[in-house]
Amino acid sequence: MSARTQTHKSRGSWQRGWRRLTRIWRSDTVANVDDELRFHFEQKVAEFEVQGLTAVQARVRADEEFGDLKSVRDSLTEIDGRVAKKQQRAEWWESIAQDFRFVLRSLRRAPIFTATVVVTLALGLGVNASVFTLLDQLYVQPPAGMTNAANVHRLYQTAINRGEPYVRNHYSYKEIRALHSISVEGVSFAGYSLTKTRLGRLSDGPEIEGDYVEGDYFRVAGVGPALGRVLLPAEMHAEGLDAVAVISYSLWQRLYRGDSSIVGQSLDLGSHRFVIVGVAAEHFRGMDMSVSDVWLPLNTIGVWKDRKSDWYEDGNFNGIKGVFRASSGPGATAFNSRATLELRKKDVRLLKDSMSTTALGSINVARGDAYHAKELTISTRLAGVSLVILLIACANVINLMLARSVAREREIAVRLALGVSRGRLLTQLMLESGTLAVLAGAASMIVAYVGTTTLRSLLWPEVQWGAGVIDQRAILFTVGLSLIAGFATGLVPALQASRPSLTKGLKSSVRDGGNNRSRLRASLLIAQAALSVVLIVGAGVFVNSLRSIEAVDFGYSTRNMFFVSVGSDRELSDRRKEIERRLPEVADQLRNYPGVDAVAVSEGTPMYSISWSELHLPGRDSLPQGKGSRDRFFDAVSPTYFATVGKRVEKGRAFADSDVQGGEPVVIVDRYMAEDFWPGEDALTKCVIVGKLDTPCRRVVGVVSPSHHTSIIEDPSQHYYIPLAQAEGLGAAGTIVVKAANAEDMGRVRVAVARQTAVILGDWSRPRTKSMDEIMADDLRPWQVGASLFTIAGILALIVAAVGVYSSLAYTVSQRTQEMGVRVALGASSANIIRLVVGQSVAVVAVGVSCGVLAALALGKVVASMLYETSPHDPAVLIASTLVLLAVAALASSIPAWRAARVDPLTAMRAE
């Protein structure tokens, strides 16, 4: 007998053993092939025996006929395997399709449950998608349109100034020129400065953002032209004047409808005229958060060219940001080290006597060391807030699904008894939670769109965002988060529901179900309540902080007051003296204009006063320092100024019309200066020298209330005023202050006053108005945003928690129908039933509230730096938050309690 025959016989013996038995519950492709080959082999042997061969000869002849049996076996096994896998996949997909249809029917039969879960999850997912979109655009995604943005770095300088860390990312042109002198192979350097300008020569033209650029700016950005060319380094040297411009692709489409012949055409920006030399690549809109629509050579800066000295030689005149492109490694490190040396040599400002270093920074402005706006702090804290809202939503959904699984316990037990596998049942339950999560994810896109738009307008209303509201990354994030939420919310209920006791489940009704699940639902309610308290406390302390900041007396009236200033353009440089001379004349004409209550003229506007250092006291070598490190500010104002802006004259008098050039030199100081300069003395008997030492001493004729000069929250500073008529060589008229008669006329009066000012001075003057509220808005906005966002978060938490309490209790009460009927039958009153149900609900929530208060106390330090004169542990806020959530819990549980109290005992005893 051949070896192959022996092998075949031995194989047949063990194949008829365990492998055949395993096929009772699953298919075995190899065993099936062996059976088939054995059958055909035995048939062939039988055929040869019929022809007269012996059994041994017949097997040898069959071996020869079959040839290489192993090769045939392997080939058949591969074919059968592919067929089996295809069949298994078809069966699996058919099973999934059946389960999915069953899930849809099941959810359609429970529309309230489905809608509650979808809306609850959509709120949590949508809030997180909004925050992700915002943080992704601020911190992760580089400016659009840049190639290899990871190789572009911002240059930061760090030092110690007055004992405090100081970080900056803007430089004078002398420093920028020094940085250009650094020669490192593979490194390109450029500078740019942000600007706002108006399209066209009319004063009502649309305002656009742009950049003044120098160096090899477009090479650093890695951007080429979509049409024409980009600016050349030779066109951007400071000493020359090349009035050329590159516009954005978006502006090209909006303004010129994509006209390819615009290269060489003129572009009017205010009083300047430029020649368009190209259109930037489609998606590039600058290197900052706000989009840019035009790029101009640095040498065309109008305001800087108006200076008497060349601005590019003045080390104190700064505002240019430095960026360079270099691959990570030796090139960037070498540039960074040499930049430190050059900046130490050239820096003639605050850092000249301190050791400074430079640091590489991300091209993303928000990630820069020199950019620590409160809005950014709020945006990062929102990530934690959004996660808390999602956790509350997930806990609510788990609670709902647990309660629903109790109601379906008998159904699931029957299905298991009829032969449905636990794996199939678990898959079906997870598919149900996944379906709900996908529906919630789709609905969350609406929440995400509204939320992202709201966050942008609240945090950065002045930024024109180049990126879309919802992009592909946000969609992918939401899809992924939806699947995670679906798995997280469905796993525990699915595991519990798929493992019931068949005997108990088949005998039970919904009223018997789930002590374990009841305990788990109570735990989830506690978690919801605790997380909700954290958000409500956050909302409370931010609202208190906003009230504190709004109550700050910064020394000016904000009611119905606005300021009119004349725009600064190169064209105005020759007319500046004329403007300064005629502004008081304009104010006189506006004083009798309908709707105008008061008018004054000043050099600057509140919160934008200029610093003045040349001040002397007769008989003293130095000025008193005063309390702390008070800065000193100066302003030249008209006689009606103090009454118009609402500053109180505490001693002496305000300026009078008689305080003119040639008359007695006078000055008014604020209370802080009076206290610091002449402590315990009457300031009205003193005088000060403003300007050179040989200048006549100015008699102090009044003391006015102090005011803030740079921000709402600041250290005390000193302020002094001189009459505008006596300010020659010291200050000049620059702003008209107007107080409207009432708030209703404010808008109309602003427009009319700006138009009248343009009529008097000429359209070239381009007057602009800004209200006091708008001036204060930048400082107030972070506090308002913090209060608004945390209040919204607290309200969302309350809503979700209320839905969680109501839905969980509604299911629980429906499962206790028979119990309630028995209680009523035994004499319990409706009040007793309501008190029982509400009391149990409030007791559970009270435990969660206690945990939440402890968590809020622990997390208080996270937001402490964002509050003003408000403790994150404010007892009143903690108590109020506790009472609010308990009241919401009582209200949410009152409806199920009322239903339970109306149960008919006879119906309840018969009910399943």
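Residues numbered from 1 in each chain as written. Predicted model: local features only at pLDDT ≥ 70, side-chain atom pairs only at ≥ 80, totals over all residues. Heavy atoms only, no water.

Undergrad: Looking at this structure, I do not really get the overall build of the protein chain. What am I missing?
TA: Counting its secondary structure elements, the protein chain contains 25 helices and 24 strands. Every one of the 912 residues in the protein chain was classed for burial, and the buried ones make up 50%. Looking at the protein chain alone, contacts between residues at least 24 apart form 81% of all its contacts between residues at least 6 apart. (Helix = DSSP H or I, 4+ residues; strand = E, 2+ residues; numbered from the N terminus. Buried < 20%, exposed > 50% of the residue type's maximum accessible area, 1.4 Å probe, protein only. Contact = heavy atoms within 4.5 Å.)

Undergrad: Please explain the state of the cysteines as it appears in this structure.
TA: Formally, a disulfide is one covalent bond, and it connects the sulfur atom of one cysteine to the sulfur atom of another. In total, this model carries 1 disulfide according to the counting rule given. The partner cysteine of C687 in its disulfide is C697, sulfur to sulfur 2.0 Å. Its S-S torsion of approximately 100° makes the covalent link between C687 and C697 right-handed. With C687 in strand 20 (residues 687-690) and C697 in the loop between strand 20 and strand 21 (698-704), the pair connects residues that are 10 residues apart, well separated along the chain. We classify C697 as partly exposed; its relative accessible area is 25%. (Disulfide = S-S within 2.5 Å.)

Undergrad: Help me understand helix 23 (residues 830-864) in this model?
TA: Given 3.6 residues per turn, any residue in an α-helix points the same way as the ones three and four places further on. With 35 residues, helix 23 extends 48 Å from end C-alpha to end C-alpha; this agrees with the ideal 51 Å at 1.5 Å per step. In helix 23, a bend of some 40° at A858 exceeds every other bend along the element. Listed as buried for helix 23 are I833, V837, V838, S841, V845, G848, V849, G852, V853, A856, G860 and V863. (Expected span 1.5 Å × (residues − 1). Bend = angle between axes of the 7 residues up to and from the residue.)

Undergrad: I would appreciate a short explanation of the pattern of salt bridges in the present structure.
TA: Pairing between side chains of opposite charge can happen when their charged atoms approach one another. One pass over the structure, following the stated rule, counts 12 salt bridges. The residue R473 makes a salt bridge to D136 at a minimum N-O spacing of 2.8 Å. Here the residue R473 occupies a position in helix 14 (residues 472-497), and D136 occupies one in helix 5 (residues 111-140), the gap between them amounting to 337 residues. What makes D136 buried here is its relative accessible area of 3%. Residue R671 pairs with E650 through a salt bridge whose shortest N-O separation is 2.8 Å. Here E650 lies in strand 18 (residues 649-652) and R671 lies in helix 19 (residues 671-677), a separation of 21 residues in the sequence. The class for R671 is partly exposed, based on a relative accessible area of 28%. With a relative accessible area of 33%, E650 lands in the partly exposed category. (Salt bridge = Lys/Arg side-chain N within 4 Å of Asp/Glu carboxyl O.)

Undergrad: Which parts of the structure should I look at to understand unusual backbone geometry?
TA: Negative phi values dominate among residues other than glycine, just as trans dominates among peptide bonds. Positive phi, close to 55°, is recorded for R257, a residue that is not glycine. Topologically, R257 is positioned in the loop between helix 8 (249-256) and strand 8 (266-269). With phi around 60°, N560 is a residue other than glycine that occupies positive phi space. Note on placement: N560 falls in the loop between helix 16 (515-550) and strand 13 (561-566). With relative accessibility at 14%, the residue N560 sits in the buried group.

Undergrad: Honestly, the packing of helix 23 against helix 24 (residues 875-901) in this entry has me stumped. Any pointers?
TA: Packed helix pairs are specified by the crossing angle of their axes together with the interaxial distance, meaning the distance between the axes. It is the contact of helix 23 with helix 24, at a shortest axis distance of 8 Å, that shows an interaxial angle of 150°. On the basis of the axis angle, helix 23 is roughly antiparallel to helix 24. Once helix 23 is placed against helix 24, the crossing between them reads as right-handed. Of the residues in the contact of helix 23 with helix 24, the class split is 20 nonpolar, 5 polar and no charged. (Axes fitted to C-alpha atoms, helices over the stretch in contact; angles between N-to-C directions. Parallel < 35°, antiparallel > 145°, perpendicular 65-115°, else oblique. Left-handed = near helix turned anticlockwise from the far one by under 90°. Nonpolar A, V, L, I, M, F, W, Y, C, P; charged D, E, K, R; others polar.)

Undergrad: So what exactly am I meant to see when it comes to the pairing of strand 14 (residues 596-602) here?
TA: The side chains of a regular strand alternate between both faces of the sheet. Burial within strand 14 is extensive, with 6 of its 7 residues counted as buried. Bridge count between strand 14 and strand 23 (residues 735-740): 6 bridges; the pairing is antiparallel. Residue pairing in the sheet places V599 in a bridge with V738 of strand 23. (Pairing = 2+ DSSP bridges.)

Undergrad: For this particular structure, what's the right way to read the environment of A55?
TA: Mapped onto the fold, A55 is located in helix 3 (residues 55-66). Considering only alpha carbons, one finds A55 and V45, 10 residues apart in sequence, at a separation of 7.4 Å.

Undergrad: Quick question: what am I supposed to make of the nonpolar core here?
TA: General note: in soluble globular proteins, nonpolar side chains tend to be found buried as a group. In this structure, Y641, Y721 and L885 are the most contacted members of the largest nonpolar core, which totals 76 residues. Ranked by the residues each element gives to this core, the list is headed by helix 21 (residues 772-815), at 16 residues. Counting residues in hydrophobic clusters, the runner-up holds 39 residues, among them V566, A636, A727 and L730. (Core = buried A, V, L, I, M, F, W, Y, C linked by side-chain atoms within 4.5 Å.)

Undergrad: I'm lost on the confidence of the model for the protein chain in this one. Help?
TA: Close inspection of predicted coordinates is inappropriate in any region flagged by low pLDDT. Per-residue pLDDT for the protein chain averages 76, and the proportion of residues at 70 or more is 77%. Counting contacts from residues 1-26, a segment whose pLDDT is below 50, to residues more than four positions away or on other chains yields 34 contacts. Across residues 509-516, where pLDDT falls below 50, the model places 13 contacts with residues more than four positions away in sequence or in other chains. (pLDDT = per-residue confidence, 0-100.)

Undergrad: Explanation requested: the side chain of S444 in the structure shown.
TA: Mapped onto the elements, S444 comes out in helix 13 (residues 422-459). Residue S444 is classed as buried on the basis of its relative accessible area, which comes to 0%. Ignoring sequence-local partners within four residues, the contact set of S444 consists of A122, L125, G126 and T478.

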